[in-house]
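Listed below are the residues making up each chain.
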Amino acid sequence: SRDPEVGVRAWDRDAMKRAGERLIAEGKIGCFTVAGGQGSRLGYDGPKGCYPTGAVTDKPLFQIFAEGILAHSRRHGVSIPWYIMTSPLNHEATVAFFHEHDHFGMNPDDVMFFMQGTMPSMDKATGRILLSGKGTIATNPDGHGGAIKALSVSGATADMKQRGIEHISYWQVDNPNIHVLDPVFIGLHATAKDSSGEMSGKMLAKAEPKEKVGVFCRSKVNCEPRTMVVEYSDLPDELAEATNADGSLKFLSGSPAMHMLGVAFIDTVASDPAFALPYHRAVKKVAHVDLESGEKVEPSEPNAVKLERFVFDAIPMAAKSIILETDRFEEFAPVKNKEGVDSIVTSKQMQTERAARWLEAAGTAVPRNADGTPDCVIEISPLTAVCAEDVAAWADRPAAITAGETVVL
Ligand code: UTP
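Residues numbered from 1 in each chain as written. Predicted model: local features only at pLDDT ≥ 70, side-chain atom pairs only at ≥ 80, totals over all residues. Heavy atoms only, no water.

Caption draft 1: Local environment of the overall build of the chain. On a plain count of helices and strands, the chain comes out with 11 helices and 21 strands. Here the chain has a C-alpha radius of gyration of 21 Å; the compact-globule value for 409 residues is 22 Å, and the two agree. Judged by the C-alpha coordinates and their principal axes, the chain covers about 65 × 50 × 50 Å. Among the 409 residues that make up the chain, the fraction classed as buried is 52%. Excluding contacts between residues fewer than 6 apart, the proportion of contacts in the chain whose partners are at least 24 apart in sequence is 73%. (Helix = DSSP H or I, 4+ residues; strand = E, 2+ residues; numbered from the N terminus. Rg over C-alpha atoms; globule rule 2.2 N^0.38 Å. Buried < 20%, exposed > 50% of the residue type's maximum accessible area, 1.4 Å probe, protein only. Contact = heavy atoms within 4.5 Å.)

Laid out in structure tokens, this is it:
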């Protein structure tokens, strides 16, 4: 642990992994993807989960996740349900995409879609509610934090309880390198003595002080010390850049939005009549009609204020949360922007880099350029391997990759 309050304490990784694997095999773990966002920065015409993302195959994100779930399901001989949160703006298209692709090999009974709520979008300049058409207000999904209420009111948590699911693995739709189920993280969340099994998170050391990720911190809530996340847009620059005596960042722990949630926790929190996560202000592009001319406006610059709830605001409601540090190359290759940082280009590079590391750790020779990047493009299907250990145990693993090669394994 990097938390000075907790100190550095040894913990048994293998024991936690075994505990996590046992819970998966017992059918107590489900999967949950938040896919209700509008993906406005990517500018893709369709749900983001349909976006062609596999480094070589251009497999859609939903397929990459489905194959990961299937791999765990086959390994443990258990069906693993997958809950997908959509929004009224992309629900039909998402469901149709799964039908068109035979649910990517998953049993349709194990894939459940439900919609989140929406909020009116406001004009940034005037604060007035925008219209999307005559007599229709422009709305936006109410943020990934809308998931807590939506999981409960949609009947998803009831379905989980009926299936005996006790915890769910939460991830965002835009990260192909996600470990859909991570036995070590599951074991820590569900069984470690420092965890109340309610809500846990993974952390990544920030790449630079003002990286656009929330940061974990500790603060008092009703006089009780609690773990929480402060979103980057709410963190003043001087705190984002503040350092400790050794030069390290004071607020180093970035949140890549990977969580474990207890089903009982979701139900307890969501059924409390006083429950409400706060709204955050996000300035984004929202299409609308001009009130004077009645013309449709497709803004090229952010013109609107959206109000969104963030799922990590539920963390302080958990008595004790585990925050597990992970490695950027191992688990994080987000597709957020059309180009530049966190785009499909960088995501494919990160996917190849992870595949190269898994292969090299197992003894396969991977060609690299002078700057250290792989001189090849590699995509490993989750059905072949979901982690480095799988590659190491794989009898048909190639002995070497040729320079300039494009490989699908
Ligand atoms: P982002 O914050 O990247 O938002 O969502 P976005 O809407 O997808 O993209 P931009 O900002 O318009 O470019 C992070 C994750 O949270 C989900 C998204 O689908 C993504 O998996 N999300 C976001 C929801 O499920 N609902 C929301 O209301 C917002």
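Caption draft 2: Broad picture of the pairing of strand S12 (residues 224-230). When strand S11 (residues 214-221) meets S12, the two strands line up antiparallel, connected through seven bridges. By the bridge assignment for S12, Ser219 is matched with Arg226. If you look at the hairpin formed by S11 and S12, you'll find two residues sitting between the two strands, and Asn222 has a positive phi there, around 50°. (Pairing = 2+ DSSP bridges.)

Caption draft 3: Quick look at the packing of aromatic side chains. Scanning all chains against the criterion turns up 13 aromatic pairs. A centroid spacing of 4.9 Å and a plane angle of 75° characterise the contact between Tyr44 and Tyr51, whose relative ring orientation is edge-to-face. By the ring-pair criterion, three or more aromatic residues cluster together here, those being Phe62, Phe65, Trp82, Phe97, Phe98, Phe104, Phe113 and Trp171. Positioned over the ring face of Phe329 is Arg357, at 3.9 Å from the centre of the ring. (Phe/Tyr/Trp six-rings, centres within 6.5 Å; stacked < 30°, edge-to-face > 60°. Lys NZ or Arg CZ within 6 Å of the ring centre and 35° of its normal.)

Caption draft 4: Up close: empty space enclosed by the protein. Applying the stated rule across the entire model yields two cavities of 30 Å³ or more. Elements with a contribution of two residues or more to the lining of the largest cavity: strand S9 (167-172), helix H6 (183-191) and strand S14 (259-262). Taken together, the residues that form the lining of the largest cavity break down as eight nonpolar, three polar and three charged. Quantified by volume, the second largest cavity comes out at close to 50 Å³. What lines the second largest cavity is simply Trp171, Gln172, Asp174, Asn175, Ile178, Pro256, Ala257, Met258, Phe332, Pro334 and Lys336. (1 Å grid on protein atoms, 1.4 Å probe; cavity = no way out; pocket = protein on both sides within 12 Å on 5 of 7 lines; lining within 4 Å. Points joined across faces, edges and corners; volume = space filled by probe spheres on them. Nonpolar A, V, L, I, M, F, W, Y, C, P; charged D, E, K, R; others polar.)

Caption draft 5: Examining the site of the ligand more closely. Not every one of the 20 residues close to the ligand is listed here, only the nearest: Val34, Ser40, Gln116, Gly143 and Lys284. In this structure, Val34 approaches the ligand through a main-chain N or O atom, which is 2.7 Å from an oxygen atom. Here an oxygen atom of the ligand and a backbone polar atom of Gly39 are 3.3 Å apart. Against a free-state accessible area of 560 Å², the protein chains account for coverage of 95% of the ligand. (Near = heavy atom within 4 Å. Polar contact = N/O pair within 3.5 Å; in protein donor to acceptor, adjacent residues only side chain to side chain. Areas by Shrake-Rupley, 256 points an atom, 1.4 Å probe, with all protein chains shown as cover.)

Caption draft 6: Just the nonpolar core, in detail. In terms of nonpolar packing, the biggest core is built from 44 residues, with Phe62, Phe65, Ile69, Trp82, Ile84, Phe98 and Trp171 touching the most fellow members. Taken together, the elements giving at least two residues each to this core come down to helix H1 (13-25), strand S1 (29-34), helix H2 (61-76), strand S2 (82-86), helix H3 (91-100), strand S3 (111-115) and H6. Counting residues per element, this core draws most heavily on H2, at six residues. Counting residues in each nonpolar core, the second largest holds 32 residues, with Tyr83, Ile165, Val269 and Val311 among its members. (Core = buried A, V, L, I, M, F, W, Y, C linked by side-chain atoms within 4.5 Å.)

Caption draft 7: The pattern of salt bridges, seen in detail. Scanning the model with the defined rule gives 18 salt bridges in all. When the shortest N-O distance is used, the salt bridge between Asp58 and Lys348 registers 2.7 Å. Here the residue Asp58 occupies a position in the loop between S1 and H2, and Lys348 occupies one in helix H10 (residues 344-362), the gap between them amounting to 290 residues. Several salt bridges share partner residues, and in doing so they unite Glu353, Arg357, Glu360 and Arg368 into one network. (Salt bridge = Lys/Arg side-chain N within 4 Å of Asp/Glu carboxyl O.)

Caption draft 8: Up close: the side chain of Ser200. Take Ser200: it is sitting in strand S10 (residues 199-205). Take Ser200: its relative accessible area is 1%, and that puts it in the buried class. A polar atom in the side chain of Ser200 sits 2.7 Å from the side chain of His189. Residues contacting Ser200, with those up to four places away along its chain left out, are Phe185, His189, Ser195, Met258, His259, Met260 and Ile322.

Caption draft 9: Quick look at the environment of Ala96. Checked against the element boundaries, Ala96 lands in helix H3. Residues Ala96 and Thr326, spaced 230 residues apart in sequence, show a C-alpha to C-alpha distance of 35 Å.

Caption draft 10: Structural detail: the sheet that holds strand S15 (residues 280-284). On the basis of which strands lie adjacent, the open sheet formed by three strands has the order S5-S18-S15 and antiparallel pairing. Both outer strands of the open sheet, strand S5 (122-123) and S15, are each paired with one neighbouring strand and no more. Sheet topology places S15 next to strand S18 (residues 304-308); five bridges connect them, and they run antiparallel. Each bridged residue has a counterpart across the sheet, and for Ala282 the counterpart in S18 is Lys306.

Caption draft 11: The packing of H1 against H6, seen in detail. The N-to-C vectors of H1 and H6 enclose an angle of 90°; their axes lie 6 Å apart at closest approach. Taken together, the axis directions place H1 and H6 in an arrangement best described as roughly perpendicular. In contact with Arg13, Met16, Lys17, Ala19, Gly20, Glu21, Leu23 and Ile24 of H1, H6 contributes Pro183, Val184, Ile186, Gly187, Leu188, Ala190 and Thr191. Residues belonging to the contact of H1 with H6 are distributed by class as follows: nine nonpolar, three polar and three charged. (Axes fitted to C-alpha atoms, helices over the stretch in contact; angles between N-to-C directions. Parallel < 35°, antiparallel > 145°, perpendicular 65-115°, else oblique.)

These values are about where atoms sit, not about what they do.
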